[in-house]
Amino acid sequence: MIKVNFEKAEEINNIGKHVAGAKSHIADLLAGKIDMTGWVDHPIKYDKEEFSRIKEVANEIKSEAEVLVSIGIGGSYLGAKAAIEYLSDYYSHRTVRANGNTVGADIIRPNGVEVIFVGNGLSEKYLKETLDYVEGKNFYVNVISKSGGTLEPAVAFDKFKALVEKKYGHDALKKRIIATTDKAKGILKEEADREGYRTFVVPDDIGGRYSVLSAVGLLPIACAGFDIDKLMKGAEEARSIYTLLDENKNDAMKYAIIRNLYYENRKDIEVFATLSPNMQYFAEWLKQLFGESECKGNKGIFPASLNMTADLHSMGQLMQDGKRNMFETFIMIENDYDETRVKYNDKFFVNDLNDIALRATEKAHHTGNVPVIEMKVAEQNEATLGELFYFFEMSCAISALILGVNPFNQPGVEEYKKNIKELLK
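Residues numbered from 1 in each chain as written. Predicted model: local features only at pLDDT ≥ 70, side-chain atom pairs only at ≥ 80, totals over all residues. Heavy atoms only, no water.

It is worth spelling out the sheet that holds strand S4 (residues 139–144) at this point. The five strands lie next to each other as S3-S2-S4-S5-S6, forming an open sheet whose pairing is parallel. Of all strands in the sheet, those with a lone pairing partner are strand S3 (114–118) and strand S6 (198–201), marking the two edges. Across the sheet, the axes of successive neighbouring strands diverge by a mean angle of 20°, strand direction being ignored. As judged from the five bridges shared by strand S2 (residues 67–71) and S3, these two strands associate in the parallel manner. Bridge assignment links Leu68 to a residue of S3, and that residue is Val115. Sitting on the sheet, helix H3 (residues 48–64) touches S2, S4, strand S5 (177–181) and S6, and the angle it makes with S6 is about 135°. Here helix H8 (residues 187–195) sits on the sheet and contacts S4, S5 and S6; the angle it forms with S5, its principal contact strand, is near 145°. (Pairing = 2+ DSSP bridges. Helix = DSSP H or I, 4+ residues; strand = E, 2+ residues; numbered from the N terminus. Axes fitted to C-alpha atoms, helices over the stretch in contact; angles between N-to-C directions. Contact = heavy atoms within 4.5 Å.)

All right, on to the pairing of strand S8 (residues 302–307) then. By the bridge criterion, six bridges tie strand S7 (residues 269–274) to S8 in an arrangement that is parallel. For Phe272, the partnering residue across the bridge sits in S8 and is Ser305. Tracing the backbone out of S7, into helix H12 (residues 280–294) and back to the parallel element S8 gives a crossover that is right-handed. (Right-handed = clockwise from strand over helix to strand, strands pointing away.)

Now for the environment of Ala192. With respect to the helices, strands and loops of the structure, Ala192 is situated in helix H8. Take Ala192: its relative accessible area is 1%, and that puts it in the buried class. Residues Ala192 and Asp246 lie 54 residues apart in sequence; the distance between their C-alpha atoms is 46 Å. Residue contacts for Ala192: discarding those within four places in its chain leaves Ala179, Tyr197 and Thr199. (Buried < 20%, exposed > 50% of the residue type's maximum accessible area, 1.4 Å probe, protein only.)

With 14 residues, helix H11 (residues 251–264) should cover 20 Å at 1.5 Å per step; its first-to-last C-alpha distance of 20 Å lies within 8% of that length. Of all 14 residues in H11, 12 are buried; the element is thus mostly enclosed. By the burial criterion, the buried members of H11 are Asp251, Ala252, Met253, Lys254, Tyr255, Ala256, Ile257, Ile258, Arg259, Asn260, Leu261 and Tyr262. Of the residues flanking the start of H11, the one acting as N-cap is Asn250, its side-chain oxygen 3.1 Å from the backbone nitrogen of Ala252. Positive phi shows up at Arg266, right after H11, with a value of about 65°. (Expected span 1.5 Å × (residues − 1). Polar contact = N/O pair within 3.5 Å; in protein donor to acceptor, adjacent residues only side chain to side chain.)

So, about the sheet that holds S8. Pairing within the open sheet is mixed, and its five strands lie in the order S1-S10-S9-S7-S8. The strands lining the two open edges of the sheet, one partner per strand, are strand S1 (2–5) and S8. The average angle at which neighbouring strand axes cross in this sheet is 20°, direction not considered. Of the strand pairs in this sheet, strand S9 (residues 326–333) and strand S10 (residues 372–377) are connected by six bridges, and their pairing is parallel. For Ile331, the partnering residue across the bridge sits in S10 and is Met375. Along the sheet face, helix H14 (residues 350–367) touches S9 and S10 and points at about 170° away from the line of S9. With respect to the sheet, helix H15 (residues 382–403) is in contact with S1, S7, S9 and S10, its orientation differing from that of S10 by roughly 150°.

With that out of the way, let us pick up the side chain of Asp311. Mapped onto the elements of the fold, Asp311 is located in the loop between S8 and helix H13 (316–321). Among the polar contacts made by the side chain of Asp311, one reaches the main-chain amide nitrogen of Asn307 at a distance of 2.7 Å.

To continue, consider empty space enclosed by the protein. Applying the stated rule across the entire model yields two cavities of 30 Å³ or more. Here the largest cavity defines a volume of roughly 40 Å³. Along the walls of the largest cavity sit Trp39, His42, Pro43, Ile206, Tyr210, Ser211, Leu213, Ser214, Tyr390 and Glu393, which together make up its complete lining. Sorting the residues of the lining of the largest cavity by element identifies helix H2 (38–45) and H15 as the ones contributing at least two each. Of the residues contributing to the lining of the largest cavity, the split by class is six nonpolar, three polar and one charged. Lining the second largest cavity are Asn5, Lys8, Glu362, Val372 and Glu374. The residue inventory of the lining of the second largest cavity, partitioned by class, reads one nonpolar, one polar and three charged. (1 Å grid on protein atoms, 1.4 Å probe; cavity = no way out; pocket = protein on both sides within 12 Å on 5 of 7 lines; lining within 4 Å. Points joined across faces, edges and corners; volume = space filled by probe spheres on them. Nonpolar A, V, L, I, M, F, W, Y, C, P; charged D, E, K, R; others polar.)

Before going further, it helps to spend a moment on the state of the cysteines. By the definition in use, this model includes zero disulfides. Left unpaired, Cys396 is separated from the closest cysteine sulfur, that of Cys295, by 9.0 Å. (Disulfide = S-S within 2.5 Å.)

Judged by side-chain polarity, Val342, Tyr344 and Val350 come together as a nonpolar surface patch covering roughly 310 Å² of accessible area. Position of Tyr344 among the secondary structure elements: in the loop between S9 and H14. (Patch = residues over 30% accessible without salt bridge, like charges linked within 9 Å, V, L, I, M, F, W, Y side chains within 5 Å. Areas by Shrake-Rupley, 256 points an atom, 1.4 Å probe, with all protein chains shown as cover. Salt bridge = Lys/Arg side-chain N within 4 Å of Asp/Glu carboxyl O.)

The tally for this structure, following the rule as stated, stands at 28 salt bridges. When the shortest N-O distance is used, the salt bridge between Glu264 and Lys17 registers 2.7 Å. Of this pair, Glu264 sits in helix H11 while Lys17 sits in helix H1 (residues 16–31), and the two are 247 residues apart along the sequence. Residue Glu85 pairs with Lys81 through a salt bridge whose shortest N-O separation is 3.4 Å. Taken together, the positions of Glu85 and Lys81, both in helix H4 (residues 78–87) and four residues apart, correspond to about one turn of that helix. Taken together, the shared-partner salt bridges connect Lys146, Asp182, Lys183, Lys185 and Asp204 into one network.

Written as structure tokens, this is what we have:
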């Protein structure tokens with residue numbers, strides 16, 4: 001369960017200003033009155049047949065390969081990357097497979113394969129080193145693109161497709177390449193049909209940054225060895241709470257309203273502060289979700305992130321004594337430790353010190369006129385992650401609608417893509 005503490009959020013007493021609007025927006029989302037809202041009911045209406053195929057293909061990859069190369073950019077990789085980082089042990093890539101065997105030069109994750117993400121940039125060195133790393137391993141490729149025409153994943157796919165053919169032969173393309181793409185059209189869909197790749201669907205009514213609980217995120221997460229049934233169950237339970245039209249029971253609604261109240265009070269930067277290193281990419285997912293959904297038409301709250309307590313020793317001065325145009329959302333895993341605890345002394349475990357650091361930082365920043373919202377996750381597992389994904393998707397959509405912008409388009413992103421096409425000519 002997620003527990004949200006609004007005790008230090010001064011605007012909590014003013015939420016009545018936007019409650020009626022927020023309820024209306026939730027009702028519209030549930031009724032499908034806004035385009036691209038398939039994610040709202042996805043946890044209870046997802047395609048069960050495709051879900052079973054995802055698990056079947058993931059089991060095949062886990063039994064036959066060492067590596068899954070996941071090719072995608074933006075929402076086509078950030079959610080899966082965030083999930084795998086969140087759920088993994090810090091050194092899981094160095095542990096032994098459950099059956100005691102190891103494959104190739106590196107020891108791999110129990111019950112899963114190493115998932116490598118490419119196609120999210122244009123670094124030639126990174127691409128070359130990844131190709132070299134993968135070439136000596138047994139691998140599959142999952143290319144994720146609605147159209148197939150986005151430059152970064154298209155470049156990476158071209159090179160890894162050639163590597164599949166070189167290593168396994170042309171006939172292996174239909175086995176080793178899985179395309180997650182549009183169900184009916186686009187460059188990638190046409191190629192998949194022509195070459196015989198297996199395919200999964202990027203839903204027409206779910207945009208990329210809201211797509212982690214579709215095949216876009218589920219296949220890489222399952223290949224990494226995690227339970228996607230539990231992930232979807234957590235999202236389903238979250239939907240039952242965060243669609244309620246009662247601000248006293250729906251913290252996603254309350255959070256969305258408070259963000260807008262801060263914005264109206266000239267707090268136009270939100271700092272997501274995480275206290276577990278494996279939540280760093282979750283914060284990256286949040287930055288895309290809120291940045292692309294809200295920041296349009298010269299409006300929006302700039303999403304930033306800090307990794308606590310490390311960043312207290314680099315950015316702490318700015319947070320405490322810089323320009324007062326920000327508020328802070330702390331996201332913490334309550335039981336951030338293993339069965340074997342690490343003691344600091346006779347009185348404290350190390351996680352106790354993390355709790356103390358959280359309280360001390362919240363108090364300091366609150367005193368320094370940085371409003372604080374605190375979010376605690378009970379346990380670090382698939383179910384709580386499903387709840388986290390849904391909580392923020394819903395709160396982001398409500399917040400953007402209160403602000404008066406469309407949460408589901410990204411016209412600014414399209415501008416840079418147009419410029420690239422012109423320059424490539």
